[in-house]
Amino acid sequence: MQITVLAGGVGGARFVRGLLAHLADSPDPAHRDAEVTVIGNTGDDITLFGLRVCPDLDTVMYTLGGGIHEEQGWGRADESHVVQGELAAYGAQPQWFGLGDRDIATHVARSQLLDLGMPLSQVTAVLCDRWGLPGQGVRLLPMSDDPVETHVVVDDQDGRRAVHFQEWWVRMRAAVPAQQFVAVGIDTATAGPGVLESIRAADVVLLPPSNPVVSIGIILGVPGVRDALRGTRAPVVGVSPIVGGRPVRGHADACLRAIGVETTAGAVAGLYEDFLDGWLVDDTLGTDLGSVRQRAGLTVRSRPLLMTDVPAAAAIAGAALDLAADLQPQRASV
Ligand code: GDP
Ligand code: CA
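What you see is a predicted model, and the numbers here were worked out from it, not measured in a lab.

Caption draft 1: Summary view of the site of ligand 1. Lining the immediate surroundings of ligand 1 are 20 residues, of which Pro 209, Ser 210, Ser 215, Leu 305 and Met 307 lie closest. Within the backbone of Gly 12, an N or O atom sits 2.9 Å from an oxygen atom of ligand 1. Burial of ligand 1 by the protein amounts to 92% of the accessible area it has alone, namely 590 Å². Broken down by element, the shell around ligand 1 gets its largest block of residues, 3 residues, from helix 1 (residues 10-25). In terms of residue class, the shell around ligand 1 is built from 10 nonpolar, 8 polar and 2 charged.

Dropping the structure here:
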C-alpha cells in the first residue's frame, strides 16, 4: 500500500507520526507494510548566517525520528543556544529567528552537501537516514529541488514591501496584516524527484491539518502537483486544521484572511474543491460540519481532531484511512 501525504510543519509532522503508529498497530498486513511518502513544504526555507534552513522538512524529520522538542512542536529536544548567544555578541543579524545548537548542526550538514552540488532531495534523504525514517517505511521528499521562498506583502509604518515569510511569521507574529503571499520561484520550479509519481501511483492521498495557505497551498502551487491530485485514482482525504472556527495553533486565520477566505473548516475544504473526496471536521462545538458546502463527490465526517498525543493522532489518521477506503470505488470509477 502506497500512502502519500502533503505536509507542512507541526500539523503535518504530528499527523504522519500518528499515521505510522496507526499502521504499525493495524491487524491488516497491507497497512503494516505500507510505504508512506511525505511531500514536504519548502516555501518556509530561508538562508541564515549562510546556512540553508528548511523548517518544515526538519519538523517532520525530528518528529518522526524522536528528536523533536515536544511542547514547542519544532526544533530539537534538550536544546542549548550557545551559538546564537555568540552571534548576538557580534551583533550578527537576524536575532529574531531561534536557532539552537543541535538544530544548527543539521543546517551546517545540509548546507555543506548543497554546496557540493547535491540536490535538496538527496540531501534530505541523507539527513533522514540518521533519524531512521527509511526503517519506518517513510520517504520525505521536498516538494521541489528548486529554491522556492514564500514572501509576504505587508503595508505598515515602514511602507508597502515584501518580507520573507519567516520574518512575518516569527518576527511580526503575523500581527501585521498580510496583503498577499508570493511564492518566489514557484512558476519555474520543477516538482522534486518522485513527487508527482507518488501522487499518481498512490493508493491513498492524505492532507494532514497543515496550514492551507502557506504549507499545503504552496505545495499545490508547484507545477504539476494540482493536476496530479485531480488525475490520481487514489481517493484524496483531508483533515481540517480549523476546529471550532479557529486554527488549533499558529496563524492560519491571518493567512486565510489575506487570500479572502473565511476561517472555517468548510472554506478550507473549498480551497481543495477540484480534487478533494473526503474531509474530516471536528464538530464538537457544533459549528464546523455546517460550514462545509455540500457537493456531489465530497464526503464529510466529524471526528475529534485534536492531536493531543500520539494515540489521538493515530485515531485521526485511522479515521482518514477508513474514509479513504470507503471512497475508493467512487474515485476509481471517475
Ligand atoms: P507549521 O508549518 O508548523 O505551521 O505546521 P503545518 O502547516 O503542518 O500545520 C499548521 C496547522 O496545523 C495550523 O493551521 C493548525 O491549526 C493545525 N493544527 C495543529 N495542531 C492541530 C491539531 O491537533 N488538530 C488539528 N485539526 N489541526 C492542528
Ligand atoms: Ca511551516
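Caption draft 2: Region of interest: the coordination of the calcium ion (ligand 2). Each protein donor to the calcium ion (ligand 2) is listed here as Asp 44 (OD), Asp 56 (OD) and Asp 56 (OD); together their distances run 2.1 to 2.7 Å. Here Asp 44 is found in the loop between strand 2 (35-40) and strand 3 (46-48), whereas its partner Asp 56 is found in helix 3 (residues 55-65), with 12 residues between them in sequence. By relative accessible area, Asp 56 is classed as buried at 7%.

Caption draft 3: Representation of the packing of helix 5 (residues 101-115) against helix 6 (residues 120-130) in the model. It is the contact of helix 5 with helix 6, at a shortest axis distance of 10 Å, that shows an interaxial angle of 140 degrees. The orientation of helix 5 relative to helix 6 falls into the category oblique. Our pair here, helix 5 against helix 6, has a crossing hand that is right-handed. Packed against helix 5, whose contacting residues are Thr 106, Ala 109, Arg 110, Leu 113 and Leu 114, the element helix 6 presents Leu 120, Val 123, Val 126 and Leu 127 at the interface. Within the contact of helix 5 with helix 6, the residues separate by chemical class into 7 nonpolar, 1 polar and 1 charged.

Caption draft 4: Broad picture of the sheet that holds strand 2. Pairing is parallel across the open sheet formed by 7 strands, whose spatial order is 5-2-1-9-10-13-14. Two strands bound the open sheet, and with one partner strand each, they are strand 5 (138-142) and strand 14 (299-302). Neighbouring strand axes in the sheet, compared pairwise and without regard to direction, differ in orientation by 20 degrees on average. The pairing of strand 10 (residues 236-239) with strand 13 (residues 278-281) spans 3 bridges and is classified as parallel. Bridging across to strand 13, Val 237 finds its partner in Gly 278. Docked against the sheet, helix 13 (residues 310-332) engages strand 1 (2-7), strand 9 (204-207), strand 10, strand 13 and strand 14, running at close to 155 degrees with respect to strand 13.

Caption draft 5: Main features of the packing of aromatic side chains. Under the criterion given, the structure shown has 8 aromatic pairs. Between Tyr 62 and Trp 131, the aromatic rings sit 5.6 Å apart at their centres with planes inclined by 70 degrees, giving edge-to-face as the arrangement. One end of the pair, Tyr 62, is in helix 3; the other, Trp 131, is in the loop between helix 6 and strand 5, with 69 residues separating them in the sequence. Each member of the pair, Tyr 62 together with Trp 131, is buried. Both rings, one in Phe 165 and one in Trp 168, keep their centres 6.3 Å apart while their planes meet at 50 degrees; by these two values the pair is tilted.

Each value, and the rule that gives it
Numbering of residues starts from 1 in every chain and runs along the sequence as written. Think of it this way: whatever chain is written first is A, whatever ligand is written first is 1, and the rest follow in order. Thresholds applied to this predicted model are a pLDDT of at least 70 for local features of residues and 80 or more for the giving and counting of side-chain atom pairs; totals over whole chains, interfaces and linings are not thresholded and use all residues. Here the side-chain values reflect all heavy atoms present in the structure, with hydrogen atoms and water set aside. Near residues are defined by distance, with any heavy atom within 4 Å of the molecule or strand qualifying the residue. Contacts described as polar in this section are N or O atom pairs within 3.5 Å, which, within protein, must combine one atom able to donate a hydrogen with one able to accept it, while residues neighboring in sequence count only if both atoms come from side chains. Surface accessibility follows the Shrake-Rupley procedure with a 1.4 Å probe radius. Residue values consider only the protein chains on display as shielding. Going along the chain from the N terminus, every DSSP run of H or I of four or more residues is numbered as a helix, and every run of E of two or more is numbered as a strand. Amino acids are sorted into nonpolar (Ala, Val, Leu, Ile, Met, Phe, Trp, Tyr, Cys and Pro), charged (Asp, Glu, Lys and Arg) and polar (every other residue, Gly among them). Metal-coordinating donors are taken as N, O and S atoms lying within 2.8 Å of the metal, or within 3.2 Å when the metal is Na, K or Ca; because water is left out, some sites can appear incomplete. Buried residues are those whose accessible area, probed at 1.4 Å on protein chains only, stays under 20% of the maximum for their type, while exposed residues exceed 50% and partly exposed ones sit between those limits. Geometry is summarised by axes, namely lines fitted to C-alpha atoms with helices restricted to the contacting stretch, and by angles between N-to-C directions that run from 0 to 180 degrees. Roughly parallel covers angles under 35 degrees, roughly antiparallel covers those over 145, roughly perpendicular covers 65 to 115, and oblique covers all other angles. Here a crossing is called left-handed whenever its near helix is offset anticlockwise from the far helix by less than a right angle, and right-handed whenever the offset is clockwise. The criterion used for residue contact is that any of the two residues' heavy atoms lie within 4.5 Å. Whether two strands pair comes down to DSSP finding at least two bridges between them. Two rings from Phe, Tyr or Trp (for Trp, the six-membered ring) form a pair when their centres are within 6.5 Å of each other. A pair whose planes differ by under 30 degrees is stacked, one over 60 is edge-to-face, and the rest are tilted.

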